[in-house]
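# Per-entry structural report
Listed below, chain by chain, are the residues.
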Amino acid sequence: MSVITQPTDLLRRQDPQMADVLAGEARRQADTLQLIAAENFTSPAVLTALGSALANKYAEGYPGARHHGGCEYADLAEQIAVERARALFGVEHANVQPHSGSSAVLAAYAALLRPGDTVLAMGLPYGGHLTHGSPANFSGRWFDFVGYGVDAETGLIDYQQVQDLARAHRPKAIVCGSICYPRHPEYSVFREIADEVGAYLIADAAHPIGLVAGGAAPSPVPYADIVCATTHKVLRGPRGGMILCGSEFAERIDRAVFPFTQGGAQMHTIAAKAVAFGEAARPAFTTYAHRVVANARVLADELEAHGFILTTGGTDTHLISADPAPLGLDGPTARGRLAAAGIVLDTCALPYGDQRGIRLGTAAVTTQGMGEAEMVRIAGLFTAALHGEPAKTRAEVMELTLEYPPYGA
């Protein structure tokens, strides 16, 4: 395992308890299969930026207009990150300060909406995010959310329902995006519906934005007024968020991020975002993004052959949503058995009834160098784990991960 993933000797001397925690997490990531759709392995360069001297810097405000002194290098780091994001996604304005995807969505709402406004978004039972109207979240408490769903048979977004709900409720904004929808939204259709009812269109592209960067997914930028995204997941950057928009919304977005919803920017994270944007602009990342999708399609097909029911019948992205009911299991039980075998993934809502399925993605294992043959092998490990061979399957998982360590031998 690379020294990048290990605690330094200094930390081991000064805080052995925390050094043990960090070493344990490094081992866990290295000897289990990371199939959580929202996770990936950043590069050593990104990790270096995260641990840089910019972690010490307070930099409230924006380049050239900070509330603290000594920001000349912080300004340069943010300017580089902004320019790289603009070039990568072909957008007029980028704000790279949001601390997370949820923070980005909060700022988008703050820029465009007022408490009590009506918002149309994918319903949570169909894969909508907490920020799309959950009563436990700020979104559900501050705004009047109306949820659209999917066709009961195909699992695909019901665009006629979206249009009907938009006409009936006249929302101030429409949100397109999901945490477990494995197909590409029809951004042009959402745009037409939003224009018809005079609504803003917000694309929550937290999951597909890395595929967009690599040319393996359509971009929401030409259609949405505001695009909210994360910088981890397929994009392989640090945990954080960003907002993309046209120049007409730039000032409103910037003021919504700071000072309305956040204080000081995390400059070390912004530097790491800049590094990730630079990596994503290279041809190797384009190859990677397309391999992520190819791996997901093979894995989806194999899981279907092993008895799983696939939401929408497959995937066009890095993400797979599957129902293990034909195997006699629900999502939480399947997740537990897979975890015991060293296969790490999530549960998710299914677009029918109140069952939960499993959600997985291929971003991290593709970063490790695994290809389509390994996806076939992983599907076989699923079946073995779910049919009561956790110890044997655990050994096979460790054998596979030893072949493809996340940070080299």
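The structure contained in this document is the topic of the report that follows. Predicted, not measured: the structure shown is a model, and the values here were computed from it.

Looking only at helices and strands, the protein chain has 16 helices and 15 strands in total. Relative to the 2.2 N^0.38 estimate, which gives 22 Å for 409 residues, the radius of gyration of the protein chain is 21 Å and therefore close to what a compact globule would have. Taken along its principal axes, the extent of the C-alpha atoms in the protein chain is 55 × 55 × 40 Å. Residues counted as buried form 57% of the 409 residues belonging to the protein chain. Taking all contacts inside the protein chain whose residues are at least 6 apart in sequence as the whole, residues at least 24 apart take part in 71%. Carbon and sulfur atoms form 53% of the exposed surface of the protein chain, whose accessible area is close to 16700 Å². The positive charge centre, built from 31 side chains, and the negative charge centre, built from 42, are 5 Å apart in the protein chain.

This next bit is on unusual backbone geometry. That bond from F258 to P259 is cis: its omega, 15°, falls within 30 degrees of zero. On the secondary structure map, P259 appears in helix α10 (residues 250-261). Phi angles above zero are rare outside glycine, and R170 is one such case at about 45°. Within the secondary structure, R170 is located in the loop between α7 (159-169) and β7 (173-176). For R170, a relative accessible area of 47% puts it in the partly exposed group. With phi around 65°, R236 is a residue other than glycine that occupies positive phi space. For R236, the location among the structural elements is in the loop between β9 (226-230) and β10 (241-245).

For the rest of this paragraph, the subject is the environment of G128. Turning to its location among the elements, G128 is positioned in the loop between β5 (118-122) and α6 (138-142). Taking the relative accessible area as the measure of exposure, G128 reaches 7% and is therefore buried. Taking the C-alpha atoms as reference, G128 lies 6.2 Å from I179; in sequence the two are 51 residues apart. Setting aside chain neighbours within four positions, we find G128 in contact with M122, G123, S178 and I179.

Read from one edge of the open sheet, 7 strands run β4-β10-β9-β8-β7-β5-β6, paired in mixed fashion. With one partner strand each, in any of the chains shown, β4 (93-95) and β6 (144-148) form the two edges of the open sheet. For this sheet the average axis-to-axis angle between neighbouring strands, irrespective of direction, equals 20°. With 4 bridges connecting them, β7 and strand β8 (residues 200-204) associate as parallel partners. Bridge assignment links I174 to a residue of β8, and that residue is L201.

Looking now at the side chain of R183. With respect to the secondary-structure elements, R183 resides in the loop between β7 and α8 (187-197). Taking the relative accessible area as the measure of exposure, R183 reaches 19% and is therefore buried. There is a polar contact of 2.9 Å between the side chain of R183 and the side chain of T312. At 3.0 Å, the side chain of R183 and the side chain of D316 are in polar contact. Non-local contacts of R183, meaning those with residues more than four positions away in its chain, are made with L156, T312, G313, G314, T315, D316 and T317.

What counts and how
Residues numbered from 1 in each chain as written. Predicted model: local features only at pLDDT ≥ 70, side-chain atom pairs only at ≥ 80, totals over all residues. Heavy atoms only, no water. Helix = DSSP H or I, 4+ residues; strand = E, 2+ residues; numbered from the N terminus. Rg over C-alpha atoms; globule rule 2.2 N^0.38 Å. Buried < 20%, exposed > 50% of the residue type's maximum accessible area, 1.4 Å probe, protein only. Contact = heavy atoms within 4.5 Å. Areas by Shrake-Rupley, 256 points an atom, 1.4 Å probe, with all protein chains shown as cover. Lys, Arg positive; Asp, Glu negative; His and termini not counted. Charge placed at Lys NZ, Arg CZ, Asp CG, Glu CD. Pairing = 2+ DSSP bridges. Axes fitted to C-alpha atoms, helices over the stretch in contact; angles between N-to-C directions. Polar contact = N/O pair within 3.5 Å; in protein donor to acceptor, adjacent residues only side chain to side chain.

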